[in-house]
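# Secondary and tertiary structure notes
Next come the chains, spelled out residue by residue.
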Amino acid sequence: EPLTLARKVVVLGSTGSIGLSTLSLFEQSGAPVEILALTAGRNVERLIEQALRWRPQVAVIEDEAKLEALRDGLAGTAVRAAAGAAAVSEAAAMGADWVMSAIVGAAGLAPTLAAARTGAVIALANKESLVCAGPALLAIAKASGGSVIPVDSEHSAIFQVLQPDCAHRVARLILTASGGPFRAWDKAAMRAATPEQAIAHPNWSMGAKISVDSATMMNKGLEMIEASYLFATPEDRVDVVIHPQSVIHSLVEYADGSTLAQLGPPDMRAPIACAFAWPDRLPWPAPRLDLAAYGQLTFESPDLDRFPAIGIARESLRLGGGAPTAMNAANEVAVAAFLDRRIGFLDIAAAVAGTLERMNSLGDLTAANNDDAVEAAMLVDASARRIAAEVVAQKHRR
Ligand code: NAD
Ligand code: MG
């Protein structure tokens, strides 16, 4: 029996890894979607291709220099071309039932907020917007009658096994981590690691930024904060275990010692399908889990010495206020510098720690209203980026 619920959809970041998985899922499932808007950052060729296939009302490119190319590519069609950050946010607020938030980085915050204000269901892949201004974003979505359904595979797993009536009986949220490409590397090798090596992830094919985050394990740090905000769980009840096969996507341990897990082959279309159909299930020819083919699943504890980002994120979460916001911003600056070959791999976490040390005020983001809280987060984000750029420049000169 097919899914009958027709949905008006916007895909923010349609040309990225999650955007492609989202459109692939629509294609494979034949889900009844009407796409109102597709948006991209700079990849105008792929955006044109997608717009010609899916015929949204509007295709938006953030980079205004690419508007002419977008117009040319869409000439003779009914698809409107638009450009600029404001146009991305306008597309997010077109009145869709379901908005895929899959822009990378805090650049996704404004459009995600714009979607949240319309009361749409937000399928949230863009974890950085949550780490930047999570409590305000969630409150705004709730106040507008909308909801935020996680797409990050770990959080989707927790979302699926968290029994709403027993939320107060959660002992621990246990996030699984693949360990990334450097799980078994020693520190000397990590110090010399190149962007190409960092981006070669064992189980997932993802955008460059999250691939580097997986290699430093800052991705798991961001996810600890994401989990704490999404599931109102304090820092000391969020744990991480390394599970290289990425089959168990995360677990919830209850007060009675019972632990529930969600499993599946590593394929982001699974959590996207869950966020799309929830509380129903989307019938589609998904890859199925063959446990016998795996033979065994293994687990180990993360090495906090080789992966200090986990400790930095935990400390930021414990500090609260603007600390996670500043940490996320500094990490974006440091990852960009590493991809640009201006700093080494181990400098990434060091630059984030250095930025947090140098920030004299991390700000208290609990404001009288949500808009003020967002404003405060954006100020912390901007000053963290400024300081991180200085810290990175110092490391580069060395
Ligand atoms: P990606 O780099 O492949 O894609 C990013 C998308 O955002 C692209 O469409 C790009 O054009 C667009 N974009 C970039 N900068 C922009 C800007 N300033 N304004 C507007 N659009 C912009 O990244 P991805 O791997 O698809 O990840 C997207 C988000 O989902 C990230 O927050 C990531 O952490 C999260 N996520 C990804 C995966 C995965 O498997 N790829 C898994 C879990 C979570
Ligand atoms: Mg994840």
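To keep things clear, this report deals only with the structure shown in the data block. (Residues numbered from 1 in each chain as written. Chains lettered and ligands numbered in written order. Predicted model: local features only at pLDDT ≥ 70, side-chain atom pairs only at ≥ 80, totals over all residues. Heavy atoms only, no water.)

Now for the sheet that holds strand S11 (residues 259–263). The four strands are arranged S9-S8-S10-S11 in an open sheet whose pairing can be described as mixed. Here the strands that pair on one side only, and so sit at the sheet edges, are strand S9 (238–242) and S11. Strand after strand, the sheet turns through a mean of 20° between neighbouring axes, direction not considered. The strands that helix H7 (residues 153–161) touches are strand S8 (170–177), strand S10 (248–254) and S11; relative to S10, the one it contacts most, it runs at about 40°. (Pairing = 2+ DSSP bridges. Helix = DSSP H or I, 4+ residues; strand = E, 2+ residues; numbered from the N terminus. Axes fitted to C-alpha atoms, helices over the stretch in contact; angles between N-to-C directions. Contact = heavy atoms within 4.5 Å.)

Another point: the packing of aromatic side chains. The full count for this structure, using the stated rule, is eight aromatic pairs. An angle of 70° between the planes, with centres 6.2 Å apart, marks the rings of Phe26 and Trp54 as edge-to-face. Placement of the pair is Phe26 in helix H1 (residues 17–29) and Trp54 in helix H2 (residues 44–54), with a sequence separation of 28 residues. With relative accessibility at 2%, the residue Phe26 sits in the buried group. Pairing Phe182 with Trp185 gives two aromatic rings, centres 4.3 Å apart and planes at 40°, and the pair type is tilted. Residue Trp185 is classed as partly exposed on the basis of its relative accessible area of 27%. Pairwise contacts between aromatic rings join Phe26, Trp54, Trp98 and Phe276 into one cluster. The lysine or arginine in question, Arg7, covers the ring of Phe276, its NZ or CZ lying 5.4 Å from the ring centre. Above the face of the Trp54 ring, Arg53 is positioned so that its terminal group lies 3.9 Å from the ring centre. (Phe/Tyr/Trp six-rings, centres within 6.5 Å; stacked < 30°, edge-to-face > 60°. Buried < 20%, exposed > 50% of the residue type's maximum accessible area, 1.4 Å probe, protein only. Lys NZ or Arg CZ within 6 Å of the ring centre and 35° of its normal.)

This next bit is on H7. Counting buried positions over the nine residues of H7 gives nine, a clear majority of the element. Taken as a whole, H7 has its buried residues at Ser153, Glu154, His155, Ser156, Ala157, Ile158, Phe159, Gln160 and Val161. Where H7 is buried, its residues meet strand S7 (147–150), S8, helix H11 (218–230), S10, S11 and helix H12 (269–277).

Around ligand 1, the surrounding shell holds 22 residues, and the nearest of these are Thr15, Ile18, Gly41, Glu128 and Gly207. In the environment of ligand 1, an oxygen atom lies 3.0 Å from a nitrogen or oxygen atom belonging to the backbone of Gly16. A distance of 2.9 Å is found between an oxygen atom of ligand 1 and a backbone nitrogen or oxygen belonging to Ile18. Surface burial for ligand 1 is 86%, taken as the share of its 820 Å² of free accessible area covered by protein chains. Looking at the shell around ligand 1, the elements with two or more residues in it are H1 and helix H6 (127–143). Residue composition of the shell around ligand 1, by class: 10 nonpolar, eight polar and four charged. Split by domain, the residues of the shell around ligand 1 number at least three in each of domain 1 (7–150) and domain 2 (155–266 + 296–397). (Near = heavy atom within 4 Å. Polar contact = N/O pair within 3.5 Å; in protein donor to acceptor, adjacent residues only side chain to side chain. Areas by Shrake-Rupley, 256 points an atom, 1.4 Å probe, with all protein chains shown as cover. Nonpolar A, V, L, I, M, F, W, Y, C, P; charged D, E, K, R; others polar. Domains from an automatic or database assignment.)

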